[in-house]
Amino acid sequence: MAVFPDVVRDLTAYASKYDKNVATKWFVKALQYNVPQGKKNRGLACVLAYRMLARPEELTPENIRRAQYLGWAIEMLHSMFLIMDDVMDGSVTRRGQPCWHTLDDVKLAGVNDGIMIEAAISNLIKTQYGNEPYYPRLLELFNDMKFITTIGQSLDLRSAKLDVTDYTM
């Protein structure tokens, strides 16, 4: 959590290049309401995996911070999917609070907010890893995660209409 304000600050600076007031403030509100509210297991696992797999000389404060940023990028992706899932399912609560789309000033504009959160991930990855040789592969992995998750969401949405005999290994 100590790094999340830095992530928000960096993304606010990025958004401010395009809008300094309305959209940027709204983006920050969407980030703060949706992203840090869960258990953060995915982001924490990212940092723990880095600590376990990196060579001792690579465990610098800067590299750990970069792993934390990557963890927040994963959490942002997860939050975007939860926002979208809540809209599709008509859910009313998430993580002990009203779903983002149920707020009076949000409604279906929450779909755009989810897209904005997802789009900001690319900037976060670029600013942290853009000069690394593995940068293209990292983007590819995020794109793969997005596609695989949307396949799973499609199965979730469609499975209610299927008969159990329609499933195969």
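Everything here concerns the structure above.
No experiment lies behind these values; they were computed from the predicted model shown. Sequence order as written defines residue numbering, which begins from 1 separately in each chain. Given that this is a predicted model, residues contribute local features only at a pLDDT of at least 70 and side-chain atom pairs are listed and counted only at 80 or more, while totals for whole chains, interfaces and linings are drawn from all residues. Calculation of side-chain values draws on the structure's entire complement of heavy atoms; hydrogens and water are dropped beforehand.

Asker: How should I be thinking about the overall build of the protein in this particular structure?
Answerer: The way it works is that DSSP assigns letters per residue, a run of H or I at least four long becomes a helix, a run of E at least two long becomes a strand, and they are numbered from the N terminus. Scanning the protein for helices and strands turns up six helices and two strands. For the protein, the α and β elements follow one another from N to C terminus as α-α-α-α-β-β-α-α. Over its C-alpha atoms, taken along the principal directions, the protein stretches across nearly 55 × 45 × 30 Å. For each residue, the accessible area found with a 1.4 Å probe, counting protein chains only, is set against the maximum for its type, and the residue is called buried under 20%, exposed over 50%, and partly exposed in between. Residues classed as buried in the protein amount to 40% of the 169 residues present. Total accessible area computed for the protein in this model is approximately 10,300 Å², and 61% of it derives from carbon and sulfur atoms. Residue burial considers only the protein chains on display, and all accessible areas are found by Shrake-Rupley using a 1.4 Å probe.

Asker: Help me out: how do you make sense of the side chain of Lys40 in this one?
Answerer: Assignment of secondary structure puts Lys40 in the loop between α2 (22-34) and α3 (41-53). Working convention for charge: Lys and Arg count positive, Asp and Glu count negative, and His plus the chain ends are omitted. Note on definitions: salt bridges are taken to be side-chain nitrogens of Lys or Arg within 4 Å of carboxyl oxygens of Asp or Glu. The side chain of Lys40 sits in the buried core without any salt bridge; Glu75 is the nearest counter-charge, 6.8 Å away. Of the polar contacts made by the side chain of Lys40, one reaches the backbone oxygen of Pro36; its length is 2.9 Å. Two residues qualify as a contact provided that any one of their heavy atoms is within 4.5 Å of a heavy atom in the partner residue. In this structure Lys40 touches Met1, Trp72 and Glu75, once residues within four positions along its chain are discounted. Two N or O atoms form a polar contact when they lie within 3.5 Å of each other; inside protein one atom must be a possible hydrogen donor and the other a possible acceptor, and for residues adjacent in sequence the pair counts only when both atoms belong to side chains.

Asker: Even after reading the chapter, I still don't get empty space enclosed by the protein, so can you show me in this structure?
Answerer: Any empty space left between atoms is shown by rolling a water-sized probe over those atoms. The method works on a 1 Å grid over the protein atoms by themselves. A cavity is a set of points holding a 1.4 Å probe that cannot get out, a pocket is an open set with protein on both sides within 12 Å along at least five of seven lines, and residues with an atom within 4 Å of a point line them. Grid points are joined across faces, edges and corners, and a volume is the space filled by probe spheres set on the points. Applying the stated rule across the entire model yields one cavity of 30 Å³ or more. Considered as a void within the structure, the largest cavity measures approximately 100 Å³ in volume. Asn34, Leu82, Ile83, Asp86 and Arg94 are, among the 14 residues lining the largest cavity, the residues nearest its centre. With four residues, the single largest contributor to the lining of the largest cavity is helix α4 (residues 61-89). Polarity classes work like this: nonpolar for Ala, Val, Leu, Ile, Met, Phe, Trp, Tyr, Cys and Pro, charged for Asp, Glu, Lys and Arg, and polar for all others, with Gly in that last group. Across the lining of the largest cavity, the residue classes break down as six nonpolar, five polar and three charged.

Asker: Even after reading the chapter, I still don't get the packing of aromatic side chains, so can you show me in this structure?
Answerer: The geometry of two aromatic rings is summed up by the distance between their centres and the angle between their planes. Aromatic rings from Phe, Tyr and Trp, with only the six-membered ring used for Trp, were paired whenever their centres fell within 6.5 Å, and each pair was classed as stacked if the ring planes differed by under 30 degrees, edge-to-face if by over 60, and tilted otherwise. Evaluated as defined, the whole model comprises five aromatic pairs. Centre to centre, the rings of Phe4 and Trp72 are 4.6 Å apart; their planes meet at 45 degrees, and the pair counts as tilted. Highlighted residues: Phe4 in helix α1 (residues 4-16) and Trp72 in helix α4, separated in sequence by 68 residues. Across this residue pair, the class does not change: Phe4 and Trp72 are buried. Three or more aromatic residues joined by ring pairs make a cluster, and in this case those are Trp26, Tyr33 and Trp100.

Asker: What is the right way to read the nonpolar core from this model?
Answerer: Buried together is how nonpolar side chains tend to be arranged in soluble globular proteins. Here, the term nonpolar core denotes a set of buried Ala, Val, Leu, Ile, Met, Phe, Trp, Tyr and Cys residues that are joined through side-chain atoms within 4.5 Å. Counting 36 residues, the largest nonpolar core has Val7, Leu11, Leu31, Met76, Ile125 and Phe142 as the members making the most contacts within it. Elements supplying a minimum of two residues to this core: α1, α2, α4, α5 (109-129) and α6 (135-159). Broken down by element, the residue count for this core peaks at 11 residues, all from α4. Beyond its immediate sequence surroundings of up to four residues, Val7 is in contact with Tyr69, Trp72, Met76 and Leu124.

Asker: I'm lost on unusual backbone geometry in this one. Help?
Answerer: Negative phi values dominate among residues other than glycine, just as trans dominates among peptide bonds. With phi around 65 degrees, Lys40 is a residue other than glycine that occupies positive phi space. At Lys107, a position not held by glycine, the phi torsion is positive, near 50 degrees. Mapped onto the secondary structure, Lys107 falls in the loop between β2 (97-98) and α5.

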